[in-house]
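Breakdown of the fold
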Amino acid sequence: MGEAARITVIGTGYVGLVSGACLAEMGHQVICADQAEWKVARLQQGEIPIYEPGLKELVATNVSANRLSFTSHIGGAIRSSDIIIIAVGTPTQDNGDVDMSQVNNVLTCIAANAVTSKTIVMKSTVPVGSGSLAEQHLRLLAASHIHLPVVSNPEFLREGSAIWDTFHPDRIVIGAKDPEAGIRIARLHASLRAEVLHTDRESAELIKYASNAFLATKISFINEMANVCEKVGANISLVAKGMGLDRRIGPHFLQAGVGYGGSCFPKDTKAQLKLAQNVDYDFQILRAVIDVNRLQRERFVTKIEREVGCLSGKRIAVLGLAFKPNTDDLRDAPALDIISALQQQGALIQAYDPAAAELVMERMPDVPVFTDPYEALDEVDAIVITTEWEAIRSLNWRLVRSLVKAPLIVDGRNMFEPVEMSQLGFTYVSVGRET
Ligand code: UGA
């Protein structure tokens, strides 16, 4: 690897914590700083506040090697490092604009504490132009002899496989106005085998939004194709396979279902739409992508109603609550909207999720959540699948058949072969495939 750098990462959410631990693993000296004292106290005890496979072990190894530490004294952490990575939240405001208050607070803190020049890295997903505004903000507040160039270095990791993604990136994007600052940040990743793309700062900022918006477009597109498949008797799995064999299209992100969720696609597509609006451009495809994703959840609920009949008083097992497998993240999870819609019609929900049960109980105390899937399946009138967890795939479906009152599965993630489920005695309804 190249030279070890002294790095402070501000914000210990998904991106900050994973990036901090991975940079320490690459040999750098990393301080993860967060103003939330409770979070820092937990991290110092070796507890990881998020569910991410492998992260606990990675943190422990690097803490023991004295390469990684946690603090709530952000000012001190800033003074101790030469590179400051900003990884705080950028939520959406009610009017659709990105809320930059956390980023701005960090910038003010950097300017107040920097007594030597430092390179500032923007890892938070921020609207195009933010790097330039950040630099102005710093120039205004910091002492005039202190140089604080801002580099855009967007993050492309996926929850659930965040560590793998960080060590095996498809690309590292570095957008800098000051070329030396860009090179300094590229050097941090010298031990990774990945294409490094140096761009201007604005392009780097847009690459992040464009990538998420394009991936979301693929999902909404395949979901609309699935809806057409249902009308004409075609099979979306085969259609997607046939499309994906074209190298220009590729096989990924063509899995039809109940639509995308999570903290990124819903937020970033809306932010990109608003950003275009703010510069007087109507991004029509993106508007449709967002609408289709919302309607896909509604269509799924209609499908359940059609299969079950009147939902009032019916017991429905909802399997999989997190927005995708291998995470306990419930942000914009399709399952939560689907559960609320079913409850509004009087259905009695029995839910199951291998990781998110506790969080659902906190958030939706009226939803009984079981940690044993077979308990959730007891005597139900229908089984609804909303997240494709391996723990659901590997259930003993013969046993499940004997537990339920009615053998109906409505699968929002196309987890099973329809013929195999009907051989087991289920009425199996999925998305874009004949039953
Ligand atoms: C996404 C991007 O994939 C990352 O590259 C990006 O860094 C991240 O957002 C971010 O902006 O921070 P993530 O939200 O963790 O990562 O999850 P994905 O694996 O991309 O899945 C997003 C949603 O799309 C899930 O709800 C998933 O079920 C859904 N999806 C995905 C489909 O419905 N069909 C597919 O074919 C693929």
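Just so it is clear, the structure is predicted and the values come from calculations on it, not from any experiment.

Details of the overall build of the protein chain
Assigned secondary structure in the protein chain consists of 18 helices and 14 strands. Taken against the 2.2 N^0.38 rule, which gives 22 Å for 435 residues, the C-alpha radius of gyration of the protein chain at 24 Å falls within 12% of a compact globule. The dimensions of the protein chain, computed from C-alpha atoms along their principal axes, are 75 × 50 × 40 Å. Within the span of the protein chain, comprising 435 residues, buried residues form 44% of the whole. Contacts spanning at least 24 positions in sequence make up 71% of the contacts within the protein chain whose residues lie at least 6 apart.

Concerning unusual backbone geometry
The backbone of Phe253 shows a phi angle near 60°, a positive value even though the residue is not glycine. Relative to the helices and strands, Phe253 resides in the loop between helix H10 (236-244) and helix H11 (265-278). The phi torsion at Asn326 lies on the positive side, around 65°, for a residue other than glycine. Inspection of the secondary structure assignment puts Asn326 in the loop between strand E9 (315-319) and helix H13 (334-344). In this structure Asn326 comes out as partly exposed when scored by C-beta crowding, with 19 C-beta atoms within 10 Å.

Some remarks on the sheet that holds strand E11 (residues 369-370)
What the 6 strands build is an open sheet, ordered E11-E10-E9-E12-E13-E14; its pairing is parallel. Edge positions in the sheet fall to E11 and strand E14 (427-429), since each of these pairs with one other strand and no more. Alignment of E9 against strand E12 (residues 382-385), held across 4 bridges, turns out to be parallel. In the strand pairing of E12, Ala317 is matched with Ile383. Lying over the sheet, helix H12 (residues 284-308) contacts E12, strand E13 (408-411) and E14, oriented at roughly 165° with respect to E13. Against the sheet, H13 makes contact with E9, strand E10 (348-352) and E12, and its axis sits at roughly 160° relative to E10, the strand it touches most.

Thoughts on the site of the ligand
In the vicinity of the ligand there are 21 residues, among which Glu159, Gln255, Tyr260, Gly262 and Cys264 approach most closely. Looking at the shell around the ligand, the elements that each hand over two or more residues are helix H9 (201-232) and H11. Here the element with the most residues in the shell around the ligand is H9; it accounts for 3 residues.

Re the domain arrangement of the protein chain
One frequently used descriptor of interface size is the decrease in accessible area upon assembly of the parts. In terms of domains, the protein chain is made up of domain 1 (6-199) and domain 2 (200-435). Inter-centroid distance (C-alpha atoms) of domain 1 to domain 2 is 32 Å. At the junction of the two partners, domain 1 supplies 25 residues and domain 2 supplies 24 residues. Sorting the residues of the side of domain 1 that touches domain 2 by element identifies helix H6 (130-141) and strand E7 (171-175) as the ones contributing at least two each. Across the side of domain 1 that touches domain 2, the residue classes break down as 11 nonpolar, 11 polar and 3 charged.

Things to note about helix H1 (residues 14-25)
Between its first and last C-alpha, H1 extends 16 Å over 12 residues, near the 16 Å set by a 1.5 Å rise per residue. Buried residues dominate H1, accounting for 12 of its 12 residues. Of all the positions in H1, only Tyr14, Val15, Gly16, Leu17, Val18, Ser19, Gly20, Ala21, Cys22, Leu23, Ala24 and Glu25 are classed as buried. Positive backbone phi, at 110°, marks Gly27, one or two positions downstream of H1.

Details of the environment of Cys32
Inspection of the secondary structure puts Cys32 in strand E2 (residues 29-33). Residues Cys32 and Gln45, 13 residues apart in the sequence, show an inter-C-alpha distance of 14 Å. The residues touching Cys32, leaving out its near neighbours within four places in the chain, are Val9, Thr12, Gly16, Leu17, Gly20, Leu68 and Phe70.

Section: the nonpolar core
Core analysis: the biggest nonpolar cluster contains 79 residues, and Ile10, Ile86 and Ile120 have the highest contact counts within it. Of all the elements, H9 adds the most residues to this core, at 9 residues. Among the domains, domain 1 (6-199) and domain 2 (200-435) are the pair contributing at least three residues each to this core. Filtering out sequence-adjacent residues up to four positions away, Ile10 remains in contact with Ala33, Ile74, Ile84, Ile85, Ile86, Ala87, Val88 and Val106. Counting residues in each nonpolar core, the second largest holds 43 residues, with Leu321, Ala347, Ile383 and Ile392 among its members.

A closer look at the packing of H1 against helix H3 (residues 55-64)
Contact pair H1 / H3: the axes reach a minimum separation of 9 Å and the direction vectors enclose 50°. One finds that H1 runs oblique with respect to H3. The hand of the H1/H3 crossing is left-handed. Taken together, the residues of H3 that come into contact with H1 (itself represented by Leu17, Val18, Ala21, Ala24 and Glu25) are Leu55, Leu58, Val59 and Asn62. The residue inventory of the contact of H1 with H3, partitioned by class, reads 7 nonpolar, 1 polar and 1 charged.

Let's talk about the packing of H9 against H12
Running from N to C, H9 and H12 cross one another at 50°; their axes reach a closest spacing of 9 Å. As far as their axial angle goes, H12 and H9 are oblique. Crossing handedness for the pair H9 and H12: left-handed. Contacts between H9 and H12 involve Ala213, Ala216, Thr217, Ser220, Asn223, Glu224 and Asn227 from the first element and Ile285, Leu286, Val289, Val292, Asn293, Gln296 and Arg299 from the second. By residue class, the composition of the contact of H9 with H12 is 6 nonpolar, 6 polar and 2 charged.

Comments concerning the confidence of the model for the protein chain
Residues of the protein chain with pLDDT of at least 70 account for 99%, and the chain-wide mean is 96. If you check the scores for this complex, the pTM reads 0.95 and the ipTM reads 0.98.

Quick word on the pairing of E12
Because side chains alternate across E12, one face comprises the buried residues Ala382 and Val384, and the other comprises Ile383 and Ile385, equally buried. Across 3 bridges, E12 lies against E13 in parallel orientation. Following the sheet pairing, Val384 is matched in E13 by Val410.

What counts, and where the lines are drawn
Residues numbered from 1 in each chain as written. Predicted model: local features only at pLDDT ≥ 70, side-chain atom pairs only at ≥ 80, totals over all residues. Helix = DSSP H or I, 4+ residues; strand = E, 2+ residues; numbered from the N terminus. Rg over C-alpha atoms; globule rule 2.2 N^0.38 Å. Buried ≥ 20, exposed ≤ 12 C-beta atoms within 10 Å, placed from the backbone. Contact = placed C-beta atoms within 7 Å. Pairing = 2+ DSSP bridges. Axes fitted to C-alpha atoms, helices over the stretch in contact; angles between N-to-C directions. Near = placed C-beta within 6 Å. Domains from an automatic or database assignment. Nonpolar A, V, L, I, M, F, W, Y, C, P; charged D, E, K, R; others polar. Expected span 1.5 Å × (residues − 1). Core = buried A, V, L, I, M, F, W, Y, C linked by C-beta atoms within 7 Å. Parallel < 35°, antiparallel > 145°, perpendicular 65-115°, else oblique. Left-handed = near helix turned anticlockwise from the far one by under 90°. pLDDT = per-residue confidence, 0-100.

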